[in-house]
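Fold and geometry: a report
Below, each chain spelled out in residue letters.
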Protein chains: 2
Amino acid sequence: MSTPSHGTRLDPWFDSYAERAHGMRSSEIRALFAVASRPEVVSLAGGMPNLSSLPMDHIAEISARLLRDRGTRALQYGSGQGEVETREAILDVMQYDSIRVHPDDVVVTTGSQQALDLVTEIFIDPGDVIVAEAPSYVGALGVFRAYQADVVHTPMDDDGLIPEELDATLTRLKSEGRRVKLLYTVPNYHNPAGVTLSLERRPQIVEICRKHHVLILEDNPYGLLGFHSDPMPALKSFDPDGVIYLGSFSKMFGPGYRIGWAAAPHAVREKLVLASESAILCPSQLGQLSIVEYLNTWDWYGQVKQYRGEYRTRAEAMMSALSEYLPMCEWTKPEGGFYTWVTLPDGLDAKAMLPRAVKNLVAYVSGTAFYTDGQGGDHMRLSFCYPTPEAIREGVRRLSQVVRSELETVELFGTNIRPDAEAPPREGGNGRIDTPTPDQV
Amino acid sequence: MSTPSHGTRLDPWFDSYAERAHGMRSSEIRALFAVASRPEVVSLAGGMPNLSSLPMDHIAEISARLLRDRGTRALQYGSGQGEVETREAILDVMQYDSIRVHPDDVVVTTGSQQALDLVTEIFIDPGDVIVAEAPSYVGALGVFRAYQADVVHTPMDDDGLIPEELDATLTRLKSEGRRVKLLYTVPNYHNPAGVTLSLERRPQIVEICRKHHVLILEDNPYGLLGFHSDPMPALKSFDPDGVIYLGSFSKMFGPGYRIGWAAAPHAVREKLVLASESAILCPSQLGQLSIVEYLNTWDWYGQVKQYRGEYRTRAEAMMSALSEYLPMCEWTKPEGGFYTWVTLPDGLDAKAMLPRAVKNLVAYVSGTAFYTDGQGGDHMRLSFCYPTPEAIREGVRRLSQVVRSELETVELFGTNIRPDAEAPPREGGNGRIDTPTPDQV
């Protein structure tokens, strides 16, 4: 895949880039992930949903019918905001989050990633502050960096965002004269932390943001994938005008369509549509109509329940393997979603350890990817969404060999030895973060 | 559809927008186009391709097979750069433009509109200059505005960009200390002008840009749609390192997949991939694999020739109708593509006339949409791609009634009376341009 940039000698346009582009370069992590994608490596790094239980014959049939009966519409340009029938179908999906809005307030996007990009584009001037959980979704941090936002992390515990800490963070930033534009949060089955914001805290978070006049950006790709339960009410349900809600068909159906959405306050929605038309003209008509057909002709919520069972089985395999092989670590106990967040023993550095893990045929994402301020070296994100339970178990076993070997090194030398002696102990602290690859997010 | 923004009273987040978002608002034009999309109106405004000759049964069959046989891949995330097989298929398509590059240098995007957005994102700081044809594609001007570029127009004649004028423009800008980052050009069957850059001028344009160290952004959605001939060599073929080439499947196949691409110098390609991953993670896997299947299982170039015949018939209908009904106007004679550029008689204003045209059940795009500096009021863009030849003829007839009525008004009062006396005679001159709707571009 990508190789690092080599400067002016090999790039005749080096002097022409915009300010914002100079921070864009391939990280070491990317090169490593090219290796990590080999089949002999167990990847506990990726965020790819497991699609094997989808009713492919039915999907093939409705897709063929769509193209035969309405092909000239399915393959044509459409509305920049997305088709009315897509937006109405999205309202049905959001009912499970207790969200009740008008289809006019929904904007269909190229995955919810594009919605993240559009919201950041319309709200963030360079230097504006976005408050985000510590840790935060790496793909959101990449977008925020592209628009030159300053991200300030605020802590979580096992019940998600801590209201008092958020209030203190916002109060402090205000007293420093900083302009806080957004709170970015993943309330359900957090990526990467695996925790969920408690029901009790939800109205508190909304109220704190209202008090400080901070718009909430609620990102909810995993909400339907609770192992044991339907979703709790979204933040959006407590204050429709104070929250932009992002949803996605990627995890509850399939990401290959690239269809997500934003449900936004009315005036904001208008700007989102204009920005999206500028960026892509319109979302894929084929993707939209295919999804509407699926929702209308299949027990899609039954399929969601099937997914829940599969991910629960995989999460249980990971929890049990962690207990058996990595008792020297701590980890969160997710009630849904794709991830657990592992704390390494003192002295170990997840980023420094990663090349040795990949050499031992297991991959994860270093915790450093999920912060903008250099934290996270003592954490790893492990995902259980894609590999089989057996592969998860084997992956954790391989990981334990690496952790034990690192611990021996620490005992001998007082710290673990880095593979590249010239590199600083941790990336970050300079505003740079690792760029995610699509199979990492 | 959209309604104008009403300020703080109705938008609680009015004070939170980024600088770049304050220029984003729905134009009067958009409201008008909601009316113009009614079935009784003949729209000579849209840029929608005519898809009725596509082999829908075959497309339905290969789509169903793809989902049945490779569904878990087609509906999964993919590479941020696009799949290797898509990029190899794109090389086959670009052969017709005499472009020979490596698949590594191709980035697959959500339509070529996203490629336009990404290139602008990585090269343009606010205030940088982009030189563009006078007139230019409205969707590109919208992107350039979103990134706060200054667009400087340079003239064309019936053979496209005029090399001497381009050289003079670049020399003048340099002497003024302006930073020119890009030349944006649509060399084939120009949107909106309908002209094509001559073979003789192509190496001259490339040489002038090389001399001034200006990167060329060559946008070529219509190149395969010449009425009588295969494409001339692309600018990219003369200097692969000096040109970013944008291509699209939207006009040679169908826009509903939302798949386009950029072929860029190697180092630039790397940044495009990083920017695209930040914006959308990856392009639609389903769209990509469907297109590859189509290219591999159908005589797609035969289909392109079929399209050429259909658009030639429609262009001939328009030329003949213009001669019959609008002899008081002038217009360009396109050799391919979707558009002709009409010059109105002295004293007529295309933008002021548009509401009256829509009232007379015919729509076009005012020339003002295609400039950033307030020019264009004496022009209309007429498209012949979508309506039937009979509808085109009827549309031009209705348009002639409006033009004649306007001319009578001019003769009586010395100018045409505007529908809204408070509005300035032309939008523009203040950096604002009309925002395009998807069916307008």
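Residues numbered from 1 in each chain as written. Chains lettered and ligands numbered in written order. Predicted model: local features only at pLDDT ≥ 70, side-chain atom pairs only at ≥ 80, totals over all residues. Heavy atoms only, no water.

Chain A has a UniProt comment under Subunit (unreviewed entry) that states "Homodimer." You can read under Sequence similarities (unreviewed entry) in the UniProt record for chain A the words "Belongs to the class-I pyridoxal-phosphate-dependent aminotransferase family." (UniProt positions renumbered as here; feature names shortened; annotations may be inferred.)

Right, let's get into the packing of helix H4 (residues 111–123) of chain A against helix H9 (residues 266–280) of chain B. Two elements in contact, H4 of chain A and H9 of chain B, have axes separated by 6 Å at closest approach and are oriented at 100°. As the angle between them shows, H4 of chain A and H9 of chain B are arranged roughly perpendicular. On H9 of chain B, the residues that touch Gln113, Gln114 and Asp117 of chain A of H4 of chain A are Glu277, Ser278, Ala279 and Ile280 of chain B. Taken together, the residues that form the contact of H4 of chain A with H9 of chain B break down as two nonpolar, three polar and two charged. (Axes fitted to C-alpha atoms, helices over the stretch in contact; angles between N-to-C directions. Helix = DSSP H or I, 4+ residues; strand = E, 2+ residues; numbered from the N terminus. Parallel < 35°, antiparallel > 145°, perpendicular 65-115°, else oblique. Contact = heavy atoms within 4.5 Å. Nonpolar A, V, L, I, M, F, W, Y, C, P; charged D, E, K, R; others polar.)

A common way to state how big an interface is: give the accessible area lost once the parts meet. Counting from both sides, the interface comprises 97 residues of chain A and, opposite them, 96 residues of chain B. Both sides together, the interface formed by chain A and chain B hides about 8,000 Å², and carbon and sulfur atoms give 60% of it. For chain A, the biggest contributors to the area lost against chain B are Trp13, Leu75 and Tyr77 of chain A; these three give 10% of the whole. Taken together, the links from chain A to chain B amount to zero salt bridges. Connecting chain A to chain B are 39 residue pairs in polar contact (both at pLDDT 80 or more). In terms of residue count, helix H9 (residues 266–280) of chain A provides more of the side of chain A that touches chain B than any other element does, twelve residues in total. A class-by-class count of the residues in the side of chain A that touches chain B yields 48 nonpolar, 29 polar and 20 charged. (Buried area = accessible area lost by both parts, 1.4 Å probe. Salt bridge = Lys/Arg side-chain N within 4 Å of Asp/Glu carboxyl O. Polar contact = N/O pair within 3.5 Å; in protein donor to acceptor, adjacent residues only side chain to side chain.)

Turning our attention to the relation of the copies chain A and chain B. Taken as rigid bodies, chain A and chain B are interconverted by a rotation of 180° and an axial shift of 0.0 Å, the fit giving an RMSD of 0.0 Å. Such values leave the two copies arranged in the relation of a two-fold axis. For chain A, the residue whose C-alpha comes nearest the rotation axis is alanine 64 of chain A, separated from it by 2.7 Å. Take the interface residues of chain A: 99% of them recur as interface residues in chain B, which is what a same-surface contact looks like. (Least-squares fit on C-alpha atoms with pLDDT ≥ 70 in both.)

On to unusual backbone geometry, then. All names here are of chain A. With omega at 0°, the peptide bond leading from alanine 134 into proline 135 counts as cis. Locating proline 135 in the fold gives a position in the loop between strand S3 (129–134) and helix H5 (138–146). Even without glycine at this site, leucine 281 takes up a positive phi of about 70°. Structurally, leucine 281 can be placed in the loop between H9 and helix H10 (285–297). Located in the positive-phi region is leucine 361, a residue other than glycine, with phi close to 65°.

Residues and elements named next belong to chain A. One can read the domain layout of chain A as domain 1 (20–53 + 302–413) and domain 2 (56–297). Each of domain 1 and domain 2 has a C-alpha centre, and the two are 25 Å apart. On the side of domain 2, 35 residues touch domain 1, which itself brings 28 residues to the contact. Contact between domain 1 and domain 2 buries roughly 2,600 Å² in total, counting both sides, with carbon and sulfur atoms accounting for 63%. Area buried by domain 1 at its contact with domain 2 is led by Arg308, Glu335 and Phe370, which between them contribute 23% of it. Residues aspartate 230 and arginine 308 are paired through a salt bridge, measuring 3.2 Å at the closest nitrogen-oxygen approach. Counting across the domain 1 and domain 2 interface gives twelve residue pairs in polar contact (both at pLDDT 80 or more). For the side of domain 1 that touches domain 2, the element with the most residues is helix H11 (residues 300–325), which contributes seven residues. Across the side of domain 1 that touches domain 2, the residue classes break down as 14 nonpolar, eight polar and six charged. (Domains from an automatic or database assignment.)

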